[in-house]
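This is what each chain is made of:
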Amino acid sequence: MSQRFGDAHTVHKLDALEAYLNAYSTALKNQGFRLLYFDAFAGTGDIQVGDETPMLQTVDDYQPFVKGSAWRALQLGAAFDEYIFVERSLKKFRELGRLKDEFPAIADRIAIENGDANESLRTFCAETPWHRRDTPHHRAVVFLDPFGNQVEWDTLRRIADTQAIDLWYLFPAGLGVHRQIRKDGTVHFQHGDPLDRILGTSEWRTAFITQKIDDDLFEGARSRSAKVADPVAITEYMITRMRGIFRGGVLDEWVPLGSRNVHMYSLIFAWANPSRAARALAQRLAKGVLRSSNRGRLK
Ligand SMILES: C[S@@+](CC[C@H](N)C(=O)[O-])C[C@H]1O[C@@H](n2cnc3c(N)ncnc32)[C@H](O)[C@@H]1O
C-alpha cells in the first residue's frame, strides 16, 4: 500500500532530491569516500499524490502514484555504500521492508529503522567515523522531509557539526511556523515551545511579531501586537540562523512549495563541510538541480 499526500510540489521536491543524489554520487565516485544516504522521514517508497496537508485531505481514488524518496534513492543502485531509512509509523516501516526485495542486488546496503528521526540522526551523526584516519572518510546526504514541525534545531546542529553532511531540508515555513502565529501576534500556548525547538531560539517572537501603539481618544495609548512575518521572511530568518551553524554554508536560493498556490514549505539546502572544494561542489550541484525551479533568493 502507498501513503497518501502531496501534489505537483511533491514531485518537484523529489525530482530535485533525485537529481542531486545522482550528481553528488557521480561527482564523488572513486574519490575514496564511503557515501551514505540518510532519509529521516522515509515514508513507504510510494506516494499517492493528493494533498500534502494532512488536515486538508481531499484524496480520491483516481490520483496517480509517484515514487517516494526511498525508492528514488535506491534506484541509483550501488551509487551509495549505505542507504538508511527511518520511519516512525510501524505500518510504513513494514512496507519499507519490501524495498529490500525490490532491490536485491543492494539489499545488504539498506538499513531500515522504526524510530524517531531526531533520535536516529543524533546517533548517526555521533557514531559515524566521518574523519577517522583508519577508515575511508565518510560523506552523507541527509533528506529531512517532515509533514510539520518535527525537526529539532539541535538535530540540525549535530548535522552541521559533522562537517561531512549535505542537507536537503523541507522547512515548514508556512504550515509549521507562519500558521502557528495568529494575525494578532498571539500564539496558542501549546505552540510556542515547539516553535522554539524548530527555530532553536525564542527570539523569533521579536522578529515575527511587532508591538503597535494605537492612540485611543478616550483610553489613551494602547499597545497591541501583530504578526509581521510571512513564509518568505520566515524562510530567510531560518536560512540566516542555519548559516550560524553550517560552516560550509546554506544556499542563498530556496524553493517555495505548497498546494493550491499556498506557500507551505521551503526546500533549503545546506552543507556542513567547510572546505573550499566542498563549497564549490555543493553550490554547483545544488544550483544545477534547482535551475528549473521557481526559486526564492535571500535578500
Ligand atoms: C512527508 S512524509 C515523507 C515522505 C517520503 N520522504 C517520500 O518521499 O515518500 C513524512 C513521513 O515521516 C513520518 N514521520 C513523522 N514523524 C516522524 C518522526 N518523528 N520520525 C520519523 N518519521 C516520522 C511519517 O509517518 C511520514 O511517513
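Note that the structure is a prediction, hence the values are computed from the model and not measured.

Visitor: Provide a residue-level description of the overall build of the protein chain, including the pertinent values.
Guide: Looking only at helices and strands, one finds 11 helices and 14 strands in the protein chain. Principal axes of the C-alpha set define a box for the protein chain whose edges measure 80 × 50 × 35 Å. Within the span of the protein chain, comprising 299 residues, buried residues form 51% of the whole. In the protein chain, once contacts between residues fewer than 6 apart in sequence are set aside, the share between residues at least 24 apart is 72%. Per element, the accessible surface of the protein chain, about 14400 Å² overall, is 48% carbon and sulfur.

Visitor: Requested: an account of the site of the ligand, with residues and values cited.
Guide: The ligand sits among 20 residues. The nearest are Ser-69, Glu-87, Asp-116, Ala-117 and Asp-145. Between a nitrogen atom of the ligand and a side-chain N or O atom of Asp-116, the distance comes to 2.8 Å. Here a nitrogen atom of the ligand sits 2.7 Å away from a polar atom, N or O, in the side chain of Asp-145. For the ligand, the protein covers 97% of the area, taking 600 Å² as the surface of the free molecule. Partitioning the shell around the ligand into residue classes produces 9 nonpolar, 6 polar and 5 charged.

Visitor: Run through the packing of aromatic side chains, naming residues and quoting values.
Guide: The tally for this structure, following the rule as stated, stands at 15 aromatic pairs. Ring geometry for Tyr-24 versus Phe-80: centroids 6.1 Å apart, planes at 5°, classification stacked. Residue Tyr-24 is found in helix H1 (residues 8-27), and its partner Phe-80 is found in the loop between helix H2 (69-74) and strand S5 (82-87); the two are separated by 56 residues along the sequence. The exposure classification of Tyr-24 matches that of Phe-80, with both residues buried. Ring centres of Trp-168 and Phe-269 lie 4.7 Å apart, and the angle between their planes is 45°; this geometry places the pair in the tilted category. Separated by 101 residues along the polypeptide, Trp-168 in strand S8 (residues 165-171) and Phe-269 in strand S13 (residues 265-271) bring together distant segments of the chain. In this structure, Trp-168 and Phe-269 share a single accessibility class: buried.

Visitor: Residue-level account of helix H11 (residues 276-290), with values.
Guide: Here H11 is 15 residues long and its end C-alpha atoms lie 21 Å apart, about the 21 Å a rise of 1.5 Å per residue gives. Packed against the buried residues of H11 are H1, S8, strand S12 (253-257) and S13.

Visitor: Before we move on, could you go through the nonpolar core and cite the residues and values that matter?
Guide: If you look at the biggest cluster of nonpolar residues, it comprises 47 residues, and the most contacted ones within it are Phe-124, Leu-144 and Met-242. Once you skip the residues sitting within four places of it in the chain, Phe-124 turns out to touch Leu-36, Phe-38, Ile-84, Trp-130, Ala-140, Val-142 and Ile-165. With 44 residues, the next largest nonpolar core counts Phe-85, Ile-110, Ile-112 and Leu-281 among its residues.

Visitor: If you had to explain the side chain of Thr-44 to someone new, which residues and values would you point to?
Guide: The residue Thr-44 is located in the loop between strand S2 (34-39) and strand S3 (46-48) in this model. Residue classification places Thr-44 among the buried residues on the basis of a relative accessible area of 5%. Here the side chain of Thr-44 touches Asp-46 through a polar contact of 2.9 Å, landing on its backbone oxygen.

Visitor: I'd like a description of the pairing of S13, backed by residues and values.
Guide: Counting buried positions along S13 gives 7 out of 7 residues, so the element sits mostly inside the fold. Neither face of S13 is open: one carries Tyr-265, Leu-267, Phe-269 and Trp-271, the other Ser-266, Ile-268 and Ala-270, and all of them are buried. Where S8 meets S13, 6 bridges bridge the pair, whose relative direction is antiparallel. Looking at the pairing, Leu-170 lines up with Leu-267 of S13.

Visitor: Give a description of the pairing of strand S10 (residues 220-227) that names residues and reports values.
Guide: Sheet topology places strand S9 (residues 209-216) next to S10; 8 bridges connect them, and they run antiparallel. Within S10, the position partnered with Lys-212 by the bridge is Arg-224. In this antiparallel pair of consecutive strands, S9 and S10, the connection spans 3 residues.

Visitor: Please set out the side chain of Thr-155 residue by residue, giving values where relevant.
Guide: Within the secondary structure, Thr-155 sits in helix H6 (residues 153-161). Residue classification places Thr-155 among the buried residues on the basis of a relative accessible area of 1%. At a separation of 2.6 Å, a polar atom in the side chain of Thr-155 contacts the side chain of Asn-118. For Thr-155, the contacting residues outside a window of four places in its chain are Asn-118, Leu-121 and Arg-122.

Visitor: Got a sec to walk through the pattern of salt bridges? Specific residues and values, please.
Guide: With the rule as written, the count across this model stands at 16 salt bridges. Of the charged contacts in the structure, one is a salt bridge between Asp-196 and Arg-205, with a shortest N-O distance of 2.9 Å. Residues Glu-253 and Lys-287 are paired through a salt bridge, measuring 4.0 Å at the closest nitrogen-oxygen approach. On the criterion of sequence distance, the pair formed by Glu-253 in strand S12 and Lys-287 in helix H11 is long-range, its members being 34 residues apart. Residue classification places Glu-253 among the buried residues on the basis of a relative accessible area of 4%. Three or more residues joined by partner-sharing salt bridges are found here, namely Asp-252, Glu-253, Lys-287, Arg-295 and Arg-297.

Rules used in this analysis
- Residues numbered from 1 in each chain as written.
- Predicted model: local features only at pLDDT ≥ 70, side-chain atom pairs only at ≥ 80, totals over all residues.
- Heavy atoms only, no water.
- Helix = DSSP H or I, 4+ residues; strand = E, 2+ residues; numbered from the N terminus.
- Buried < 20%, exposed > 50% of the residue type's maximum accessible area, 1.4 Å probe, protein only.
- Contact = heavy atoms within 4.5 Å.
- Areas by Shrake-Rupley, 256 points an atom, 1.4 Å probe, with all protein chains shown as cover.
- Near = heavy atom within 4 Å.
- Polar contact = N/O pair within 3.5 Å; in protein donor to acceptor, adjacent residues only side chain to side chain.
- Nonpolar A, V, L, I, M, F, W, Y, C, P; charged D, E, K, R; others polar.
- Phe/Tyr/Trp six-rings, centres within 6.5 Å; stacked < 30°, edge-to-face > 60°.
- Expected span 1.5 Å × (residues − 1).
- Core = buried A, V, L, I, M, F, W, Y, C linked by side-chain atoms within 4.5 Å.
- Pairing = 2+ DSSP bridges.
- Salt bridge = Lys/Arg side-chain N within 4 Å of Asp/Glu carboxyl O.

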